[in-house]
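Report on the structure
The primary structure of each chain is shown beneath.
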Amino acid sequence: MVHRERIRTSDKGSVQLVFVDKTSLNIGPNSDLIIDEFVYDPRSSTGRMAATLTKGALRFVGGGTSHTGGATVVTPAATIGIRGGVASIAHGRETGTLAVNHFGTTTVATSAGTQVIRRPDFAVTVKPNGEALAPVRVKAGDLAGLTRQLTSAPGQSGGALQRPTDGQAVRLGLGATTAALQPPSTTSVQGQTTASSAVRPSPAAQVVQQAQVSQIVQQGSQVQATQTLVQSQPPRPPVQPEPPPPSPPVPPSRFYALDMSIDPSLGSGAPYLPAGFAAPGTFYNSPILGYGLGGRNADGTPNRFSRFMQAGLNITGQGASQVSTIYVMTGSADSTSFDRFDGGFTATTRRESTVSAGRANGNVTGLGSNVTFDADYTPIAVRANQDSYDDATGRPVPQTAFYFPGGGVPGTEYTYRQTATHAELPSGLGTNHPETALTGYGAGLMRTFSRNTNASIGPSFQFLGGLGIVLRRDDRFGAQMVGGNVGPSGEVPGAVDTAHLQFGYQGSGTIGSRGVYIDYDNFAGRESRTRGLVPLSTVNEQAVSGHRSLFVTAQTVNARASFPGVNFCQCEYTRWGFWSSETNRGVSGDVLQDILHLGTWVAGRPTDAVSMPVTGSATYNGHVIASIKSGGSEYVAAGNMGTAVNFGTRTGSVSISNLDGRNYSGGIALNSNAFGGTLNGTGAGGVTMNVVGQFYNGPRGPAREIGGSVLINGGTAYQGIGTFAGAGTFAR
């Protein structure tokens, strides 16, 4: 009996396993297989086998168990049953599962149903989304490619320290025909040498215990399989020379989570942030979420590197009584040269609705004995503080964190000590990790301050920008926003006309760990910088002397909980969230600071003009969330939004309810793949709202989702700007 034995192969490794019932498994490179169960009773020639293939490829040649209890192989996309035959199975995150029936009967079950393959060399493909295609004949070239993938290089021995002789093969019963199938032999039909784990029952044994595959490690260019071979009166093997030490194992691709404690001396409800900065109220603090690619580096060494992120949000109260704080932390972990866990955080706050926003930033660093990694080089325990470190020596360099609370109050330096420990992965983390690009909008209320006078040079103004987001195949995220003042505030000397703000990773020469992509629901970043720590953003087409910013998805900070009663968009492709920014720039002997706290963004996959529907209608339901300026107070509000569209007449209507206690309604006109219109608001002051949006693709086709911006106009007494998102239902 075998239970929960794991087999991993490198990009050059492969192995063949032969079981006591003559079943064999050929496992190709870059594979991860768990033998969940193997049970066989030689007295009745009955048994069963179950395995899980999370990536890679295998070929199953059935023995006794496949003719009685059968064999089952589970992949992330399907469950494959093999009865009395031979099958090849491959799975990849991007390609899904391929099940090829070579002999016998193979069934492929998904949530949508079951496909049965009875014809030789026919296959079923299951896409990553679970869609199973009808069985088709596999092309000869594709079969040859699969065979090459399951064929070892010359000289490989499957990791066996002593190759079995022909005599041993005969004694173990290899080569005896079973169930009219070509049996697995010491040399497979792919020319692969065998690491046999066959077990011959001893005279006293009634139920055979299958040999246990106890470890798979990388040795040179092949996988070493350390196994226990149980025989009746086994011969004493010759003395072997001491084998060379195995090279480090290849790290798997892995997601992880850590819970970060809060330093009691800070006195706030959030890590990294002191009570003098953080707004009073309840924080939602995400776990530290991490992702490591695994595999090998270009020089062949194990890739021990991973990136991580954390974010938190506190929005307490409504309207003029609201206070708010948001923070983002990103960084990387590595144990190649020395053990390190390092990054940094940025936070913004508004402790009163009538005062200007504040900002905090600092390092997050754990070194040497303050970081514990597991066997897969995943950090599982960290003691972190605000220090930095010397790249050459790995020694800490004392530093302080910094904050100013806003409202003209001077800044303060401080220190902290926090501990992070291993946590269970949030449900579904990492299951949706596409490589894609999104476009959309970023909005918020920005104000410019003078360092010379320690006062603003004008009122807050409505900032709107076009947004582009890149989610890379690896673990990096980047975003760029280009915009400026779109409100009626008028010209103010030195004010922001245009700004090009950059977040996260921006390609070669920039710091990758400032933009971290865990999955489609969880990505975050801080301001983009070169490796020399020079910020990349510009204001009025001039380089800034300093920049602190943050960008995060709504899912990461559990934004929905801050706005009870709002039916947020149930979007599948479209994403939204928050951003903050503070830039410093020199103007006429002064240093101007452009500060925006808790702006919003939305982005999706645009529907191209030729794919837009030309007939029919749809209704989109979702939300609008906006930064509001009412008198001297600034705060964030959210409401429900419904949009009806007639694609034939190219017209529609929008209705918004309970956005800061006001309702809005009016018509819109469609233009290509975009739309816009003016809505009238209820309440005093004759407030109106300009709506501009575009249609986004959804998983069921074009124009299934929408996103855009709103600009609220109520004179100097009442202004606002924000973003919206909605998911559509098409009329039948």
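Since we're looking at a predicted model, the values are computed, not measured. (Residues numbered from 1 in each chain as written. Predicted model: local features only at pLDDT ≥ 70, side-chain atom pairs only at ≥ 80, totals over all residues. Heavy atoms only, no water.)

**Considering the overall build of the protein chain**
Helices and strands together make up the secondary structure of the protein chain, namely two helices and 47 strands. For the protein chain, buried positions account for 53% of its 732 residues. Sequence-distant contacts in the protein chain: of pairs separated by 6 or more residues, those separated by 24 or more amount to 60%. (Helix = DSSP H or I, 4+ residues; strand = E, 2+ residues; numbered from the N terminus. Buried < 20%, exposed > 50% of the residue type's maximum accessible area, 1.4 Å probe, protein only. Contact = heavy atoms within 4.5 Å.)

**Examining the environment of Leu596**
Relative to the assigned elements, Leu596 resides in strand β39 (residues 590–604). Look at Leu596 and you get buried, because its relative accessible area is 0%. Sequence-wise, Leu596 and Trp579 are 17 residues apart; in three dimensions their C-alpha atoms are separated by 8.3 Å. With sequence-adjacent residues up to four places away left out, Leu596 is seen in contact with Gly444, Leu445, Met446, Phe463, Trp579, Ser580 and Ser581.

**Quick look at the environment of Val566**
Secondary-structure assignment places Val566 in the loop between β37 (546–553) and β38 (575–587). Taking relative accessible area as the criterion, Val566 reaches 15% and is therefore assigned buried. In this structure, Val566 is in contact with His623, Ala638, Gly639 and Asn640, ignoring residues within four places of it in sequence.

**Overview of the state of the cysteines**
Taken as a whole, this structure holds one disulfide when the rule is applied. Bridging Cys569 to Cys571, the disulfide has an S-S length of 1.7 Å. Here the S-S torsion is close to 95°, and the disulfide linking Cys569 with Cys571 is therefore right-handed. Residue Cys569 shares its accessibility class with Cys571, and that shared class is buried. (Disulfide = S-S within 2.5 Å.)

**Describing the sheet that holds strand β47 (residues 718–730)**
Spatial ordering of the closed barrel is given by β40-β41-β42-β43-β44-β45-β46-β47, a layout of eight strands whose pairing is antiparallel. Strand-to-strand twist of the sheet, defined as the mean angle between neighbouring strand axes without regard to direction, takes the value 25°. The sheet contact formed by strand β42 (residues 651–659) and strand β43 (residues 662–671) spans seven bridges and is antiparallel. Each residue of the ladder has a partner; that of Gly652, found in β43, is Ile668. (Pairing = 2+ DSSP bridges. Axes fitted to C-alpha atoms, helices over the stretch in contact; angles between N-to-C directions.)

**Comments concerning unusual backbone geometry**
Backbone geometry at Tyr377 places phi at a positive 65°, although glycine is not the residue there. Inspection of the secondary structure puts Tyr377 in the loop between β21 (371–373) and β22 (379–385). For Tyr377, a relative accessible area of 10% corresponds to the buried category. The backbone of Asn454 sits at a positive phi, close to 55°, despite the residue not being glycine. For Asn454, a relative accessible area of 53% puts it in the exposed group.

**Thoughts on the pattern of salt bridges**
Using the criterion set out here, one finds 19 salt bridges in the structure. Measuring nitrogen to oxygen at the nearest pair gives 3.3 Å for the salt bridge that ties Arg473 to Glu435. One end of the pair, Arg473, is in the loop between β30 (461–471) and β31 (477–485); the other, Glu435, is in the loop between β27 (417–423) and β28 (436–450), with 38 residues separating them in the sequence. Residue Glu435 is classed as partly exposed on the basis of its relative accessible area, which comes to 49%. (Salt bridge = Lys/Arg side-chain N within 4 Å of Asp/Glu carboxyl O.)

**As for the packing of aromatic side chains**
Applying the stated criterion across every chain, the model contains 25 aromatic pairs. Between Tyr272 and Phe345, the aromatic rings sit 5.3 Å apart at their centres with planes inclined by 15°, giving stacked as the arrangement. Of the two residues, Tyr272 is situated in the loop between β14 (254–260) and β15 (284–285) and Phe345 in strand β19 (residues 340–350); the sequence distance between them amounts to 73 residues. Taken as a pair, Tyr272 and Phe345 share a single burial class, namely buried. (Phe/Tyr/Trp six-rings, centres within 6.5 Å; stacked < 30°, edge-to-face > 60°.)

**Some words on the nonpolar core**
Leu313, Ile518, Phe563, Trp576 and Phe578 are the most contacted members of the largest nonpolar core, which has 35 residues in total. Here the element with the most residues in this core is strand β17 (residues 306–316); it accounts for four residues. Beyond its immediate chain neighbours, meaning those up to four positions away, Ile518 contacts Phe255, Leu289, Gly290, Tyr291, Arg307, Met309, Leu429, Gly430 and His433. Ranked by size, the runner-up nonpolar core spans 30 residues in total, among them Ile7, Leu17, Phe38 and Leu53. (Core = buried A, V, L, I, M, F, W, Y, C linked by side-chain atoms within 4.5 Å.)

**Observations concerning the pairing of strand β6 (residues 71–74)**
Side chains of β6 alternate between two faces, with Ala71 and Val73 buried and Thr72 and Val74 left unburied. Examined bridge by bridge, β6 and strand β7 (residues 79–92) share four bridges and lie antiparallel to one another. The residue bridging Val73 from the neighbouring strand is Ile80, located in β7. Hairpin connection from β6 to β7: four residues lie between these consecutive antiparallel strands.

**Concerning the side chain of Ser268**
Positionally, Ser268 belongs in the loop between β14 and β15. A polar side-chain atom of Ser268 sits 3.1 Å from the main-chain carbonyl oxygen of Ala270. (Polar contact = N/O pair within 3.5 Å; in protein donor to acceptor, adjacent residues only side chain to side chain.)

**Some details on the pairing of β37**
The element β37 is extensively covered by neighbouring structure, given that seven of its eight residues are classed as buried. Two strands pair when backbone bridges link them, and strand β34 (residues 522–526) and β37 are joined in this way by three bridges, in the antiparallel orientation. Opposite Ala524, over in β37, you have Val552 as the bridge partner. In this sheet, β38 lies alongside β37 in antiparallel orientation, the contact comprising eight bridges. From the neighbouring strand, Arg548 faces β38, where its bridge partner is Glu582.

**Here we look at the confidence of the model for the protein chain**
Residues at a pLDDT of 70 or more form 85% of the protein chain, whose mean pLDDT is 85. Taken together, the stretch residues 170–240 has pLDDT below 50 and engages in 168 contacts with residues farther than four places along the chain or on a different chain. (pLDDT = per-residue confidence, 0-100.)

**Describing the environment of Leu143**
Residue position: Leu143 is located in helix α1 (residues 140–149). Between the C-alpha atoms of Leu143 and Asp121, which are 22 residues apart in sequence, the distance is 8.1 Å. If near-sequence neighbours (up to four positions away) are discounted, Leu143 is found in contact with Val100, His102, Asp121 and Val138.

**Digging into the side chain of Asn522**
As for its position among the elements, Asn522 is in strand β34. Within the local environment of Asn522, its side chain forms a polar contact with the side chain of Thr556, the two groups lying 3.0 Å apart. Not counting the four nearest positions on each side in its chain, Asn522 is found in contact with Leu289, Met309, Leu429, Val516, Tyr517, Thr553, Gln555 and Thr556.

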